[in-house]
There are 2 protein chains.
Amino acid sequence: MRNTEQRRVILEELVKVVSHPTAVEIYEMVRKRLPRVSLGTIYRNLEILAQNGTIQKLEVAGTQKRFDGNATRHYHVRCLSCGRVDDVPVPPIAAINDAAGEATNYDVLWHHVEFEGICPRCQKGREKVAQPGGAEVRSNANEGAVRLSTEV
Amino acid sequence: MRNTEQRRVILEELVKVVSHPTAVEIYEMVRKRLPRVSLGTIYRNLEILAQNGTIQKLEVAGTQKRFDGNATRHYHVRCLSCGRVDDVPVPPIAAINDAAGEATNYDVLWHHVEFEGICPRCQKGREKVAQPGGAEVRSNANEGAVRLSTEV
DNA sequence: GTATTTGCAAATACTTTGCAAAACC
DNA sequence: GGTTTTGCAAAGTATTTGCAAATAC
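**Student:** What's the story with the relation of the copies chain A and chain B in this structure? I'm lost.
**Tutor:** One copy of the chain maps onto the other through a rotation about an axis followed by a shift along the same axis. For the pair chain A and chain B, the relating rotation is 180°, the translation along its axis is 0.0 Å, and the fit reaches an RMSD of 0.0 Å. Both chain copies can therefore be described as sitting about a two-fold axis. By C-alpha distance to the rotation axis, the residue of chain A lying nearest is Val113 of chain A, at 2.3 Å. The overlap is high: 100% of the interface residues of chain A also sit at the interface in chain B, so the same surface is used on both sides.

Here it is in structure tokens:
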């Protein structure tokens, strides 16, 4: 895999934010640094990076796929009002894979959890806002950004 | 809401199967009984029935939405090999909503769980089959079809 | 009789792909 | 220099919508 500027910038921008942007949102972010980048390149590279395990492609509710610069598996929560998607810093419950396997005879490998609710902003009256309020910078500050524990 | 034949047949066909068909699969099922039905009508009615709470629109991984004639909330498992989606007869863990709420400051209302693994058929060698093996009739037989307990 | 719903077709939304030129190693 | 990747544009897939005719109540 070649180290192209486009690929590098896409990854840098995605890792920089805690939001879970769509391909088009990433396109807008990258375009500020590489104005001639194309949307096709964004999609191609996000796919490659996801295959790689460098990032995660999220299959959350809604029409667009979202991408997560944190490749460690973790749960997500989606705001029913504004659509934003946040991480849920709670240890994944690996044990339920076995229970599901017994109940279905599937060989269960993993699971995804998507909580739904109302985010703190929307609780404070900013209701029915369609657009998530732009990309937020990833930080280690303690603004609810509890560290994810390792998978159980 | 009017009781049209199309709407009635769509619901009947959906409730009849344990698979979680896509709109196009439902279209094919309904078309056998109402050959002149249109795909637009299928989409419009599935949307109405889901709003209603009569059925569920599932946001599972993949490009197409799937529909579930069982409106009670329950978990699902998806086969990584053939793509089929089955119910997981395990009681939902309502308690984790609170944990997620505390961890994120969201007002968490509910959650969805999607297990992923390999279904019994694919374990037996039928690998890499793209098409789920057709609609299966819903039954109360004990072929793994454990009754779902009520939401906790 | 009137409002809802249908079938049809066109439009929309998101993502993928073909191809020649450019970039990487 | 040969292969991978890019930008661009066109195509593909899933879903939604406008509208006149048909249907339910």
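This is not the end of the story, as more comes after the structure.
**Student:** When you look at helix α2 (residues 23-31) of chain B in this model, what are you seeing that I'm missing?
**Tutor:** Side chains that are three or four residues apart share a direction in an α-helix, a result of its 3.6 residues per turn. All names here are of chain B. All of the buried residues in α2 are Ala23, Ile26, Tyr27, Met29 and Val30. Relative to the axis of α2, the buried residues are bounded by an arc of 165° and lie together on one face. Where α2 is buried, its residues meet α1 (5-16), α3 (39-52) and β2 (66-68).

**Student:** Would you mind showing me how to read the packing of helix α2 (residues 23-31) of chain A against helix α3 (residues 39-52) of chain A here?
**Tutor:** Angle between the axes and distance between the axes: these two values describe a pair of packed helices. Residues and elements named next belong to chain A. Look at α2 against α3: their axes get within 9 Å of each other, and the N-to-C directions meet at 115°. The handedness of the crossing between α2 and α3 is right-handed. From α2, Ala23, Val24, Ile26, Tyr27 and Val30 reach across to α3, where they touch Leu39, Ile42, Tyr43 and Leu46. A per-class count over the contact of α2 with α3 returns nine nonpolar, no polar and no charged.

**Student:** How do you make sense of the pairing of strand β4 (residues 85-88) of chain A when you look at a structure like this?
**Tutor:** The side chains of a regular strand alternate between both faces of the sheet. All names here are of chain A. Relative to β4, strand β3 (residues 75-79) runs antiparallel, the two being bridged by four bridges. Bridge pairing links His76 to Asp87 in β4. Hairpin connection between β3 and β4: a loop of five residues separates the two successive antiparallel strands, and Gly83 in this loop has a positive phi of roughly 85°.

**Student:** Is there a simple way to explain the protein's contact with DNA strand C in this structure?
**Tutor:** As a structural note, the neighbourhood of DNA strand C is formed by 19 residues, with Arg2 and Tyr43 of chain A together with Gln6, Arg36 and Thr41 of chain B the closest of them. In the interface set of DNA strand C, defined as its atoms within 4 Å of the protein, sugar plus phosphate atoms amount to 70%. Taking Arg2 of chain B, its side chain carries an N or O atom lying 3.0 Å from a base nitrogen of DNA strand C. Here a sugar or linking oxygen of DNA strand C sits 2.8 Å away from a polar atom, N or O, in the side chain of Gln6 of chain B. For the surface near DNA strand C, the elements supplying multiple residues, two or more each, are α3 of chain A together with α1 and α3 of chain B.

**Student:** How should I be thinking about the protein's contact with DNA strand D in this particular structure?
**Tutor:** Near DNA strand D, the surroundings consist of 19 residues, among which Arg2, Gln6, Arg36 and Thr41 of chain A together with Tyr43 of chain B are the closest. Taken together, the sugar and phosphate atoms account for 70% of what DNA strand D places within 4 Å of the protein. At 2.6 Å, a side-chain N or O of Arg36 of chain A approaches a phosphate oxygen of DNA strand D. One nitrogen or oxygen atom from the side chain of Thr41 of chain A is found 2.7 Å from a phosphate oxygen belonging to DNA strand D. Secondary-structure elements contributing two or more residues to the surface near DNA strand D are α1 (5-16) and α3 of chain A together with α3 of chain B. When the residues that make up the surface near DNA strand D are grouped by side-chain class, the tally is three nonpolar, nine polar and seven charged.

**Student:** Looking at this structure, how should I read the packing of aromatic side chains?
**Tutor:** Describing an aromatic ring pair means giving the distance of the ring centres and the angle of the ring planes. All names here are of chain B. With the rule as written, the count across this model stands at two aromatic pairs over all chains. Taken together, a centroid distance of 6.3 Å and an interplanar angle of 55° make the contact between Tyr75 and Phe115 tilted. Here Tyr75, found in strand β3 (residues 75-79), pairs with Phe115, found in strand β5 (residues 107-118); they are 40 residues apart in sequence, far enough to count as distant. Grouping residues by exposure puts Tyr75 and Phe115 together as buried.

Cut-offs used in this document
Residues numbered from 1 in each chain as written. Chains lettered and ligands numbered in written order. Predicted model: local features only at pLDDT ≥ 70, side-chain atom pairs only at ≥ 80, totals over all residues. Heavy atoms only, no water. Least-squares fit on C-alpha atoms with pLDDT ≥ 70 in both. Contact = heavy atoms within 4.5 Å. Buried < 20%, exposed > 50% of the residue type's maximum accessible area, 1.4 Å probe, protein only. Helix = DSSP H or I, 4+ residues; strand = E, 2+ residues; numbered from the N terminus. Arc of directions from axis to C-beta. Axes fitted to C-alpha atoms, helices over the stretch in contact; angles between N-to-C directions. Left-handed = near helix turned anticlockwise from the far one by under 90°. Nonpolar A, V, L, I, M, F, W, Y, C, P; charged D, E, K, R; others polar. Pairing = 2+ DSSP bridges. Near = heavy atom within 4 Å. Polar contact = N/O pair within 3.5 Å; in protein donor to acceptor, adjacent residues only side chain to side chain. Phe/Tyr/Trp six-rings, centres within 6.5 Å; stacked < 30°, edge-to-face > 60°.

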